[in-house]
Amino acid sequence: MLGGAALGLRLRVLRRRLRPRRRRGRRKGPAAEGEGGREPVLLVSGMGGSVLHARRRSDPKFDLRVWVRILFANADFKKYLWSLYNADTGYVEPLDDDVEIVVPEDDHGLFAIDILDPSWHDRNGTGGNGHMEELVMVIDAFVELLHLSMVYHFHDMIDMLVDCGYEKGTTLFGYGYDFRQSNRIDKAMDGLRAKLETAYKTSGGKKVNVISHSMGGLLVRCFMSMNRDVFAKYVKKWICIACPFQGAPGCINDSLLTGLQFVYGFESFFFVSRWTMHQLLVECPSIYEMLPNPEFKWKEKPIVQVWRKNPEKDGVVELVQYEETDCVSLFQEALRNNELTYNGKTVALPFNMSVFKWATETRRILDNAELPDTVSFYNIYGTSYETPYDVCYGSESSPIGDLSEVCHTVPAYTYVDGDCTVPVESAMADGFAAKERIGVKADHRGLLCDENVFELLKKWLGVRENARVSKSARRCVSRSKVVGVFPEGSC
């Protein structure tokens, strides 16, 4: 429950949000004029970081936002986003053959990664309808009243870059993609190539500075590994934020067994449930591609533990341990009876070995990536937060009988330092000759709205904000501290 002071604060926020709001203008930073213009910046989102729409092939007018939304979130997620992996094509395909999932390209790709607004109507689609605009404002206010900060994705960073003189469609672009798919699938690779080419040509032949977040770093790394010459031609700098270079052991191992929850507490009632998300992730190559790298030399190998009754020893309770190479057998056994019901039909969803084999090849491609000599690489990682590493199911007093019970068990974690999602050890292990690696005290999503991160970006991009624009004019962003600086070539 909210305390009186907190409730009062959120009510004041609600009143502010209900006032007519000014649209974001194209403010020019001081250096944008008279300095030959900016080098273009391309922002690349990560897992869950792109707006997704469902369209029907049979109805050209049908266009429904299915990620992220509040109203009917769980029902529409099941109806349109639940999918099956096609081993022949490598793509994840909706259970409804009439449905296709697309990422909106509005605002030069920035709209899809700006505010993942969980409203049932896009703010850009009000068409001057006064009543509709008022309704959108109410929904926006509701979002802030609930403090759903997770929907503000690249929003604050986009504002900061605009304040520094970047112009959308000329020097500032976004790349959102269907994050269910593999990080090396043709459509994602072709889309990134096209976006780099557009940014390069539109800015007058200036090389692009790429800023990626989370899994977006793996997508960029796949592209670089598979298209090294193209990457060298179009990219000048790559700034990577919170990338799980060697995987995210605790979060991903548990995601395949019990699901993934983006928000907790009261807010979770308005989002997709953990189990509904699980039934999608079991078929997603992108999730399998973030399993812990078995070839990486971890300081301590991540493990999954299960307290079990051993039927061969008269039900004696034992703690069974699975290292990353053993986890496949656990996944197979735990998920052997997993299924969902769609349109009255039962669909089997066991651990998908075809997806796992695809992801194993993706890992090989990631491990073989080489940074071109002409590209400067920078790494920002989150630190000082408890981050899941080892996962344990059951307990000595309440052991697991059949392994399928694991999927409906609340996990217990062993934590390491990180950003709540990616361990520092994984995020730092890029394997490149980085210009700088810097740890910032912020969580995984918080890094995208952190003032220290913004200061680093401005430093590395060689820009500064318009002095007439106060930082406080942006949405309330966090101010953490830099906790670790690693010079060029270390790690």
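The rules we used
Residues numbered from 1 in each chain as written. Predicted model: local features only at pLDDT ≥ 70, side-chain atom pairs only at ≥ 80, totals over all residues. Heavy atoms only, no water. Helix = DSSP H or I, 4+ residues; strand = E, 2+ residues; numbered from the N terminus. Buried < 20%, exposed > 50% of the residue type's maximum accessible area, 1.4 Å probe, protein only. Contact = heavy atoms within 4.5 Å. Areas by Shrake-Rupley, 256 points an atom, 1.4 Å probe, with all protein chains shown as cover. Phe/Tyr/Trp six-rings, centres within 6.5 Å; stacked < 30°, edge-to-face > 60°. Lys NZ or Arg CZ within 6 Å of the ring centre and 35° of its normal. pLDDT = per-residue confidence, 0-100. Polar contact = N/O pair within 3.5 Å; in protein donor to acceptor, adjacent residues only side chain to side chain.

*Asks:* Honestly, the overall build of the protein in this entry has me stumped. Any pointers?
*Replies:* Secondary structure assignment for the protein yields 14 helices and 18 strands. Within the protein, the proportion of its 491 residues that are buried is 56%. Restricting to contacts in the protein with at least 6 residues of sequence separation, those with at least 24 account for 78%. Surface accessibility of the protein: about 21300 Å² in total, with carbon and sulfur atoms responsible for 51%.

*Asks:* What should I look at first to understand the packing of aromatic side chains in this one?
*Replies:* Centre distance and the angle of the planes are the two values used to describe a pair of aromatic rings. Enumeration over the complete set of coordinates arrives at 17 aromatic pairs. With a centroid separation of 6.1 Å and an interplanar angle of 55 degrees, the aromatic rings of Trp238 and Phe432 are classed as tilted. Of this pair, Trp238 sits in strand E9 (residues 235-241) while Phe432 sits in the loop between helix H13 (424-428) and strand E17 (436-440), and the two are 194 residues apart along the sequence. A relative accessible area of 0% means that Trp238 is categorised as buried. Overall, Phe432 belongs to the buried group, its relative accessible area being 6%. The ring of Tyr166 is capped by Arg38, whose NZ or CZ atom sits 5.5 Å from the centre of that ring. Its guanidinium or amino end placed over the ring of Phe62, Arg56 lies 5.5 Å from that ring's centre, counting from NZ or CZ.

*Asks:* Hey, could you run me through the confidence of the model for the protein in this one?
*Replies:* In low-pLDDT regions, the fine details of the predicted coordinates are not to be read closely. Averaged over every residue, the pLDDT of the protein is 86; the share at 70 or more is 78%. Confidence over residues 1-27 falls short of pLDDT 50; this stretch has 39 contacts with residues more than four positions distant or in other chains. Low confidence marks residues 120-128, where pLDDT is under 50. Its contacts with residues over four positions away, or in another chain, come to 21 contacts.

*Asks:* Would you mind going over the side chain of Asn352 with me for this structure?
*Replies:* Among the structural elements, Asn352 can be located in the loop between strand E13 (345-348) and helix H12 (353-367). Accessibility expressed as a relative area gives 13% for Asn352, which makes it buried. From its side chain, Asn352 meets the backbone nitrogen of Ser354 in a polar contact 3.0 Å long. Apart from the residues within four sequence positions on either side, Asn352 is in contact with Tyr85, Val282, Glu283 and Tyr288.

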